[in-house]
Amino acid sequence: MKCAGWKCSFSLVPVLGTILLAVVPLSAQQTPAASATPSATAATPEIPKAVNEKLAQLDKDVKAAQSSADNAWMLVSAALVLMMTGPGLALFYGGLVRRKNTLAIMMQSFALMALITVMWALVGYSLCFGGDGQFIGSFEHAFLRGVGADPNPDYAGTIPQMTFMVYQLMFAIITPALITGATAERMKFSGTVLFLTLWFLVVYAPLAHMVWGKGGLLNASLGGKFPTLDFAGGTVVHISSGVSALVCALYLGKRSGYPKQPMPPHSLVLSFIGACLLWVGWFGFNAGSALAASSLATSAFVATHFAAAAAALGWSAAEWFKNGRASALGAISGAVAGLVAITPAAGFVGPMPALAIGLIAGVVCYWMVTKVKAIFGYDDALDAFGVHGAGGTIGALLTGVFAQQVINPIFGAGKAVGGLDGHWGQVGNQLVGVSIAWVFALVGTLVLLKIVDLLTGVRVPEEYEIEGLDITQHGEEAYNLES
Amino acid sequence: MMKLEAIIQPSRFESVKDALREIGIEGMTVTEVRGHGRQKGHTEVYRGREYTVDLLPKIKLEMVLPDALVNRVVDTILKTAKTGKIGDGKIFLSRVEEAIRIRNEERGENAL
């Protein structure tokens, strides 16, 4: 019975979609057709010229209006994504560490806001979106050469390339910032800064190009060999940072005293505010990835919100079942896990699959963070791997299952996209994309950590760790209660 | 003169303070402290990791009293601070040799 119900709801979606698709072009065509008919019948040599000029002007005006609307949404989205790093992630992580490391973890996010921005202007944007190589971009847009008011039709044909550039920059900022959740409370500031800058160049830029760049190996719409669906960064952002986080946690080793000594979060209030800001910012991250103020943006917005809600419930229910209580930290962690998992799927799935993806991610990430971490004993301090690595992997694979052409006909009109459309081979493509992202992040991170370890060192001495990174790395304290 | 130190439940503090003011006690020093006697702590769970919190928040009242008032004050605290459960705290009494008011150097019970 259940099965029949599922099938029923999924077969309804394409039907509704077809009706919509049939109605929308008809109504859109009616206006120009009506205005064109009289001009064709009353054909004198002068009038068609005037009409043509008028039509050309109207066409230009319509394009300008669309460009303004899209540009407005994309600039707001860019700002929303920056808000995810500072204050969102900074507060979320800041509350989870012990009091003595609050400023250090916040400063790591903030330093990346400055550092990656400069790197992006010099070479980063070009390495991600220049040229049409399989593995990495080119130096075509180094120093932002050729990036101005004109759109780049390969990526976003209605907004200035400058807007596209600054929007993508915000993704490049938050991705390395996510890794600091695994290195928290013990990694040197100098080592962190050097490692994450190199990581951005060596791991993020190639992966972003492979998945989103023209001609990239995994690109789904611009000629990739293994078309991997990744709407807003399941592989590029979450798998890359999450898997790298695990490597960092293993390489750095456990925090002094872990797991015997209690290390409870110093302020869940900060984490709570941070998580809520992340939720809101994620609308810019996912709905903005439509790169236009389109109905696809609405669809991604709705999927994002629904997945977050379902995941918060999933994590809380698992916790309630296990401990007899639902905690605030559990609910907000669940929401973040759901947002991570829906990221690759946001522009490909409807609201019902979004609920399913969220629920699955909430429960699985709870299990990763509470059970798997304890079994293997790695010290992923703030669960960057458990939430982003695991959630990103689940989301990327489920995207292959739930993606539907009625939502986003990325392979051409009428062509099946995901498993539920009848194209189960997409799950295989997703698996290839996920595997490449995993291996790339794993190897890249390990090599870079070795190099940085030789240059600046990666871990603070134990006495610094005990005193806290705020004082030993930055010479200040988060809370000066005497002043 | 006697010094009275009472460690009580934070939830009873307002009632104790009001009752003491009613019997005319105006001076006291109050500290937020943490500790435990026979009362066991509680456990907290953060992302599956359990922490046992055994030092619990308490309020410590300190006051120095003229001998005549000691019994009344002790009775009042006993009456108002009691919940009947483990963790209600304790009262300690000790003799005080001298008291001096800094402002005018008065001594003994006059300084209280």
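What counts and what doesn't
- Residues numbered from 1 in each chain as written.
- Chains lettered and ligands numbered in written order.
- Predicted model: local features only at pLDDT ≥ 70, side-chain atom pairs only at ≥ 80, totals over all residues.
- Helix = DSSP H or I, 4+ residues; strand = E, 2+ residues; numbered from the N terminus.
- Rg over C-alpha atoms; globule rule 2.2 N^0.38 Å.
- Buried ≥ 20, exposed ≤ 12 C-beta atoms within 10 Å, placed from the backbone.
- Contact = placed C-beta atoms within 7 Å.
- Nonpolar A, V, L, I, M, F, W, Y, C, P; charged D, E, K, R; others polar.
- Expected span 1.5 Å × (residues − 1).
- Pairing = 2+ DSSP bridges.
- Axes fitted to C-alpha atoms, helices over the stretch in contact; angles between N-to-C directions.
- Parallel < 35°, antiparallel > 145°, perpendicular 65-115°, else oblique.
- Left-handed = near helix turned anticlockwise from the far one by under 90°.
- pLDDT = per-residue confidence, 0-100.

1. Let's talk about the overall build of chain A
(1) Moving on: Looking only at helices and strands, chain A features 14 helices and zero strands.
(2) Moving on: When the helices and strands of chain A are read in sequence order from the N terminus, they spell out α-α-α-α-α-α-α-α-α-α-α-α-α-α.
(3) Moving on: In terms of overall size, chain A behaves like a compact globule, its C-alpha atoms giving a radius of gyration of 24 Å where 483 residues would be expected to give roughly 23 Å.
(4) Moving on: Overall size of chain A, expressed as C-alpha extent along the three principal axes, is 90 × 60 × 45 Å.
(5) Moving on: For chain A, the residues scored as buried account for 53% of the 483 residues in total.
(6) Moving on: Sequence-distant contacts in chain A: of pairs separated by 6 or more residues, those separated by 24 or more amount to 75%.

2. Points about the interface of chain A and chain B
(1) Moving on: Each partner contributes residues to the interface: chain A has eleven residues there, and chain B has six residues.
(2) Moving on: Ranked by the residues each element gives to the side of chain A that touches chain B, the list is headed by helix α10 (residues 351–376) of chain A, at three residues.
(3) Moving on: Within the side of chain A that touches chain B, the residues separate by chemical class into six nonpolar, four polar and one charged.

3. Remarks on helix α12 (residues 425–455) of chain A
An α-helical segment advances 3.6 residues per turn. Residues three or four places apart therefore align on the same side.
(1) Moving on: Over its 31 residues, α12(A) extends 45 Å from the first C-alpha to the last, a length consistent with the 45 Å expected when each residue adds 1.5 Å.
(2) Moving on: Just past α12(A), the residue A:Gly457 takes up positive phi, approximately 85 degrees.

4. Remarks on the sheet that holds strand β1 (residues 2–8) of chain B
In sheet architecture, strand pairing relies on hydrogen bonds along the backbone and comes in two forms, parallel and antiparallel.
All names here are of chain B.
(1) Moving on: Pairing is antiparallel in the open sheet, where four strands are placed in the order β2-β5-β1-β6. A single partner strand is all that each edge strand has here, and the edge strands are β2 (29–35) and β6 (89–95). Recorded for the sheet is a direction-independent mean angle of 20 degrees between the axes of neighbouring strands.
(2) Moving on: Here β1 pairs with strand β5 (residues 56–65) via seven bridges, running antiparallel. Bridged to Glu-5 within β5 is Glu-62.

5. A closer look at the environment of A:Phe195
Residue and element names in this part refer to chain A.
(1) Moving on: Inspection of the secondary structure assignment puts Phe-195 in helix α5 (residues 189–212).
(2) Moving on: For the pair Phe-195 and Asp-453, spaced 258 residues apart in sequence, the C-alpha separation works out to 9.0 Å.
(3) Moving on: In this structure Phe-195 touches Leu-448, Leu-449, Val-452 and Val-458, once residues within four positions along its chain are discounted.

6. As for the packing of helix α3 (residues 102–129) of chain A against helix α4 (residues 161–183) of chain A
Residue and element names in this part refer to chain A.
(1) Moving on: Interhelical geometry of α3 versus α4 gives an angle of 135 degrees and a closest axis separation of 8 Å. When the interaxial angle is binned, α3 and α4 end up oblique. Considering only the axes of α3 and α4, their crossing is right-handed. On the side of α3, the interface is formed by Ile-105, Gln-108, Ser-109, Leu-112, Met-113, Ile-116, Thr-117, Trp-120, Gly-124, Tyr-125, Cys-128 and Phe-129, while α4 contributes Met-165, Gln-168, Leu-169, Ala-172, Ile-173, Pro-176, Ala-177 and Thr-180.

7. A closer look at the packing of α5(A) against helix α6 (residues 234–252) of chain A
Residue and element names in this part refer to chain A.
(1) Moving on: Look at α5 against α6: their axes get within 10 Å of each other, and the N-to-C directions meet at 145 degrees. In this structure, α5 crosses over α6, and the sense of that crossing is right-handed. On α6, the residues that touch Trp-199, Val-203, Tyr-204, Leu-207, Ala-208, Val-211 and Trp-212 of α5 are Thr-235, Val-236, Ser-240 and Ser-244.
(2) Moving on: Of the residues contributing to the contact of α5 with α6, the split by class is eight nonpolar, three polar and no charged.

8. A closer look at the environment of A:Gly422
(1) Moving on: By the secondary structure assignment, A:Gly422 is in the loop between α11 (384–402) and α12.
(2) Moving on: In sequence terms A:Gly422 and A:Val401 are 21 residues apart; their C-alpha atoms lie 9.3 Å from each other.

9. Quick word on the confidence of the model for chain B
(1) Moving on: Residues of chain B with pLDDT of at least 70 account for 100%, and the chain-wide mean is 92.
(2) Moving on: Predicted complex metrics record ipTM = 0.75 and pTM = 0.85.

10. Focus on unusual backbone geometry
(1) Moving on: That bond from A:Gly86 to A:Pro87 is cis: its omega, 5 degrees, falls within 30 degrees of zero.
(2) Moving on: With an omega of 0 degrees, the peptide bond running from A:Tyr258 to A:Pro259 counts as cis.
(3) Moving on: The topology assignment puts A:Pro259 in the loop between α6 and α7 (268–286).
(4) Moving on: A positive phi angle is found at B:Arg47, which is not glycine, with a value near 45 degrees.
(5) Moving on: Assignment of secondary structure puts B:Arg47 in the loop between β3 (42–46) and β4 (49–53).
(6) Moving on: You will see that B:Glu105, though not glycine, has its phi angle at about 60 degrees, which is positive.
(7) Moving on: Summarising the element assignment, B:Glu105 is placed in the segment after β6.

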